[in-house]
Amino acid sequence: MEVLQAIKPLDIQEAQLDMWEQRPIKNNFFELVLIKDGNGSQCINYNEYKYTKGDIFLLPPLKCHSFTIVEPTTFIFLKFSDAFFKTTSKITIDRNAWFKEAAYILSNYNQIPGDIITSDVDRKYITNLVDMILQESRNYSEDSHNLITSLMTSILELLMRNIKKSIFLESTSNTHGDERVGKMLNYINEHLDKPALLKVENLAAVFNMSSTYVSEFFKKQMNLSLREYIIKAKLKLVEIRLLNSDYTYTEIADELGFTDVSHLSKTFKRYSGSTLKEFKQNGEYQLLKRSVCSA
């Protein structure tokens, strides 16, 4: 197994394996996995999905995962972490925007086995970008960090695009083909940090509906009230920030439109059954003890 670590905390691995073995890397954010060659099956929390050359997966945190290798397989693992972007100094990058996009990925893609790329063109783009990162890591120089950061940001944008498309296709297939609900879900998920944009009046204007019909339409399509969907989507982001960032409770509450930390805490407790502190401590403990599941 070749382990490439161009600059901490970026982790890149290229490994050719005949059988799966546990890797000594703690996955505390998420990893992109590219299958260069080979075939077999992927397992996340005991759900399986066959893989073959060119497939692209995400390995989420707090989920046990493994691969059953049928034909010797070359894997490329690229670990995304907010900490990597903290080390960026020579180029301008909006870390808040980056984290928002990363959080969108973590909160919206289906955390079950399966290739996450819906576009063959985007698959080719991502494959080329990963190859460039690998090459740059092998020939590391002073300028490599900035280039790798840019390449990783481009990959993130492509992942976002494909996840948005997946949400749209899934929602329309389950809601009698009404395209508006897919667009509305993407709009809501992209603007969870802008409460004013999620008000019924604004959604009505954006999607050309009457204010009295928006909530009825959403409930009919999603079998869930608009208010409850927004709350649950926000709380998913709260979980991601608790486990994957150094945001304070006050910053999280302010960003997502809660009145104050008390309001955030009560809402989180009501829906999750645990306090903010309990969730964070338990999540950190699970990250430390998580082992690879048997496929």
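Shown above is the structure to which this text applies.
Given the structure is predicted, the values throughout are model-derived calculations rather than measurements.

**Q** When you look at the nonpolar core in this model, what are you seeing that I'm missing?
**A** A general feature of soluble globular proteins is that nonpolar side chains tend to end up buried together. F30, L32, V130, I155, L159, I188 and V238 are the most contacted members of the largest nonpolar core, which has 67 residues in total. Here this core takes 11 residues from helix α8 (residues 226–244), the largest share from any one element. Beyond its immediate sequence surroundings of up to four residues, L32 is in contact with I56, F57, L58, I76, F77, L78, F80, I126, V130, I155 and L159. In terms of nonpolar packing, the next biggest core, distinct from the first, is built from 12 residues, I35, L59, I69 and F75 among them.

**Q** Any chance you could explain the environment of A204 here in plain terms?
**A** The residue A204 is located in helix α6 (residues 200–206) in this model. When the C-alpha atoms of A204 and V214 are compared, they prove to be 6.1 Å apart, with 10 residues separating the residues in sequence. Setting aside chain neighbours within four positions, we find A204 in contact with M209, S210, S211 and V214.

**Q** Explain the layout of surface pockets to me, please; I cannot follow it from the model alone.
**A** Empty space among the atoms becomes visible once a probe the size of a water molecule is rolled across them. Here the second largest pocket defines a volume of roughly 350 Å³. Considering the residues around the second largest pocket, the lining is formed by 15 residues, among which R227, I230, I231, K234 and G257 are closest to the centre. Per-element tally for the lining of the second largest pocket: the top contributor is α8, with 5 residues. Tallied by class, residues from the lining of the second largest pocket come to 8 nonpolar, 3 polar and 4 charged.

What counts, and at which threshold
Residues numbered from 1 in each chain as written. Predicted model: local features only at pLDDT ≥ 70, side-chain atom pairs only at ≥ 80, totals over all residues. Heavy atoms only, no water. Core = buried A, V, L, I, M, F, W, Y, C linked by side-chain atoms within 4.5 Å. Buried < 20%, exposed > 50% of the residue type's maximum accessible area, 1.4 Å probe, protein only. Helix = DSSP H or I, 4+ residues; strand = E, 2+ residues; numbered from the N terminus. Contact = heavy atoms within 4.5 Å. 1 Å grid on protein atoms, 1.4 Å probe; cavity = no way out; pocket = protein on both sides within 12 Å on 5 of 7 lines; lining within 4 Å. Points joined across faces, edges and corners; volume = space filled by probe spheres on them. Nonpolar A, V, L, I, M, F, W, Y, C, P; charged D, E, K, R; others polar.

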